[in-house]
Amino acid sequence: MNTPGISKHHVTPLGGGGGITAIILAGGLGTRLRSVVSEVPKCMAPVNGIPFIHFIVWFLKNEGIEHFIFSLGYKHEIITGYLDKTFPQLNKQYSIEQEPLGTGGAIKKALSLVQTDFAVVLNGDTMFNVHIGELVNTHQQKKASCTIALKEMKQFTRYGSVETDTDDRITAFNEKTYCEKGLINGGVYVINKNSLQDKELPESFSFERDYLEKFLASEKIFGVQNEYYFIDIGVPEDYQKFQDDYNLILSKKKYNKTGNTELLDDFFEGLASLTDF
């Protein structure tokens, strides 16, 4: 049965076969969110009783993702316990950091579990309703090392901006500063496994600074601009905004449903219309 409201551009990579693996980064300490979510990891922050990571899994499943690797660290047993209980049939593995590895170290460790040439990578505290299949196909058409989903934002200071050329190749990552209008890194990537595995990188490193910025000139790093709903719940204000969006969407329904499955069907149906963020 099709799920309403989810983009149906399922992952159909040009090469075909093997299924696509998604790596969900959920090992951070979430210090900026501690004032409102202190007992659980950031990705487990509840939205009307539903942990945020549930939304991520739901989104990826309906985008056609077949294999899941959860990159975990801080209080990882809370996350594994929830996923094992709630998604017992999910084809999943856990990559657990014994000590913080940074975004780059976490991705590189998780990539060692990937059986194909590339993987989709995304943050466990961000909802960016992109078409994963389109991102993958662009990655393969461009023969890219890494392809990033970009989001156009207005009047922002929280994120650094990204510049591209006419072929959508990324030419610059700019530092955080006030920007009237620009593109940001939306935190959804397609990454070739050997892009990190073949490089001499420390065990702990920043993916953004020590890979994307450092190797920008030598690697083929492309961006795909999207206008879809984007939110990063890493700060209390945006965590509250996501909860408000959830409640607003469901309040517009003329009937009530009680199961998580039906609620999320309704939520993603409404989410498709929320793009101006």
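This text follows the structure it describes.
Residues numbered from 1 in each chain as written. Predicted model: local features only at pLDDT ≥ 70, side-chain atom pairs only at ≥ 80, totals over all residues. Heavy atoms only, no water.

Give me the packing of helix α1 (residues 52–62) against helix α2 (residues 76–86): which residues, what numbers.
It is at 11 Å that the axes of α1 and α2 come closest, and there the two elements cross at 50 degrees. Taken as axis vectors, α1 and α2 run oblique relative to one another. Regarding α1 and α2, the two cross each other, and that crossing is right-handed. Of the residues in α2, those touching α1 at Ile53, His54 and Val57 are Ile79, Tyr82, Leu83 and Thr86. For the contact of α1 with α2, the per-class residue count stands at five nonpolar, two polar and no charged. (Axes fitted to C-alpha atoms, helices over the stretch in contact; angles between N-to-C directions. Helix = DSSP H or I, 4+ residues; strand = E, 2+ residues; numbered from the N terminus. Parallel < 35°, antiparallel > 145°, perpendicular 65-115°, else oblique. Left-handed = near helix turned anticlockwise from the far one by under 90°. Contact = heavy atoms within 4.5 Å. Nonpolar A, V, L, I, M, F, W, Y, C, P; charged D, E, K, R; others polar.)

Mind laying out the layout of surface pockets, listing which residues take part and the relevant values?
Computed from the structure, the largest pocket encloses a volume of approximately 1,300 Å³. Arg32, Thr103, Asn123, Glu208 and Asp232 are the residues nearest the centre of the largest pocket, which is lined by 45 residues in total. Among the elements that line the lining of the largest pocket, the one with the most residues is strand β11 (residues 179–192), at five residues. A class-by-class count of the residues in the lining of the largest pocket yields 16 nonpolar, 17 polar and 12 charged. (1 Å grid on protein atoms, 1.4 Å probe; cavity = no way out; pocket = protein on both sides within 12 Å on 5 of 7 lines; lining within 4 Å. Points joined across faces, edges and corners; volume = space filled by probe spheres on them.)

I'd like to hear about the pairing of strand β12 (residues 221–226), residue by residue, with values.
Counted residue by residue, β12 has five buried out of six residues, so it is predominantly covered. By the bridge criterion, six bridges tie strand β8 (residues 146–156) to β12 in an arrangement that is parallel. When the sheet's bridge partners are listed, Lys151 is paired in β12 with Asn226. (Buried < 20%, exposed > 50% of the residue type's maximum accessible area, 1.4 Å probe, protein only. Pairing = 2+ DSSP bridges.)

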